[in-house]
Amino acid sequence: MNENFDLFGHAIPEWKGKRGRPPYEPSEKDRNKIKLLLALGWSIERMANGIGISSATLKRYFRAELKERDAMRDRLDARRFEVAMEQVNAGNVTALKELGKMLDANDRMGMDRRLRDAQEKAGRQKEETAPQGKKEVAKAAAKTAGADSHWGSDLLPGVGKPN
């Protein structure tokens, strides 16, 4: 079987130049490419253009990969750490330096995430304690008036009223 390839190295299918349009058949290479492009944050239209199909075809044949869009970046980073660690274990000094850079970047990302979570929590707490107007502040102050003074409960409303 003599297989022909186009300018970009893609196999030219046997049906090319014949009538009708055959169904798309995704290859493992295309699936891996879509996973990589998802990890890089590409849009569906851009990924479809990258492998030469329409966005509808991409959605139809790569539905499982598209559902895992959020996890793809984490998987890519995990694989990068795995490969770097294998190289470090093999004695590659450059890989050791690169692993150190990757760990620093990972630590910064973790600190940024914790800082962002703390800021969001503080923002939610601030929203819960809505600002009060003058009347609400005066009412709250009247409820505790004289609590810490020598007047005791004489200043509290409703306490010690003459009959």
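Residues numbered from 1 in each chain as written. Predicted model: local features only at pLDDT ≥ 70, side-chain atom pairs only at ≥ 80, totals over all residues. Heavy atoms only, no water.

**Focus: the overall build of the protein chain**
Tallying secondary structure elements over the protein chain gives 7 helices and 0 strands in all. By the burial criterion, 15% of the 163 residues in the protein chain qualify as buried. When contacts within the protein chain are restricted to residue pairs at least 6 apart in sequence, long-range pairs at least 24 apart make up 34% of them. Only carbon and sulfur atoms are counted for the fraction: they give 53% of the accessible area of the protein chain, which is about 13,700 Å². (Helix = DSSP H or I, 4+ residues; strand = E, 2+ residues; numbered from the N terminus. Buried < 20%, exposed > 50% of the residue type's maximum accessible area, 1.4 Å probe, protein only. Contact = heavy atoms within 4.5 Å. Areas by Shrake-Rupley, 256 points an atom, 1.4 Å probe, with all protein chains shown as cover.)

**Notes on the nonpolar core**
Counting residues in each nonpolar core, the largest one holds 14 residues, and the members touching the most others are I34, L38, M47, I51, I53, L58 and F62. Of all the elements in the fold, those that place two or more residues in this core are α1 (28-39) and α2 (44-51). The contacts of I51, once residues within four sequence positions are left out, are Y24, D30, K33, I34, L58 and F62. Of all hydrophobic cores here, the second largest spans 5 residues; its members include A84, V88, L99 and M102. (Core = buried A, V, L, I, M, F, W, Y, C linked by side-chain atoms within 4.5 Å.)

**Focus on the side chain of D30**
Relative to the helices and strands, D30 is located in helix α1. Despite its burial, D30 pairs with no opposite charge, the nearest such side chain being K33 at 5.1 Å. Look past the residues within four positions of D30 in its chain and what remains in contact with it is Y24, I51 and F62. (Lys, Arg positive; Asp, Glu negative; His and termini not counted. Salt bridge = Lys/Arg side-chain N within 4 Å of Asp/Glu carboxyl O.)

**A look at the packing of α1 against helix α5 (residues 69-89)**
Where α1 meets α5, the axes come as close as 7 Å, and the angle between the chain directions of the two elements is 90 degrees. Classified by the interaxial angle, the pair formed by α1 and α5 is roughly perpendicular. Across from K35, L36, L38 and A39 in α1, the residues of α5 making contact are R69, M72, R73 and L76. Each residue belonging to the contact of α1 with α5 can be placed in one class, and the counts come to 5 nonpolar, no polar and 3 charged. (Axes fitted to C-alpha atoms, helices over the stretch in contact; angles between N-to-C directions. Parallel < 35°, antiparallel > 145°, perpendicular 65-115°, else oblique. Nonpolar A, V, L, I, M, F, W, Y, C, P; charged D, E, K, R; others polar.)

**Considerations on the packing of α1 against α2**
Relative orientation of the contacting elements α1 and α2 amounts to 145 degrees, with a least axis distance of 10 Å. When the axes of α1 and α2 are compared, the crossing they make is right-handed. Facing α1, whose interface residues are D30, K33, I34, L37 and L38, α2 presents M47, G50 and I51. When its residues are assigned to classes, the contact of α1 with α2 shows 5 nonpolar, 1 polar and 2 charged. (Left-handed = near helix turned anticlockwise from the far one by under 90°.)

**So, the environment of Q87**
Locating Q87 in the fold gives a position in helix α5. Judged by relative accessible area, Q87 falls into the partly exposed class, the value being 35%. When the C-alpha positions of Q87 and L99 are compared, they lie 9.4 Å apart, and in sequence the two are 12 residues distant. Dropping the residues within four chain positions of it, Q87 is found in contact with N92 and A95.

**Thoughts on the environment of E68**
As for its position among the elements, E68 is in the loop between α4 (63-67) and α5. In this structure, the C-alpha to C-alpha distance between E68 and L38, residues 30 residues apart in sequence, is 8.8 Å.

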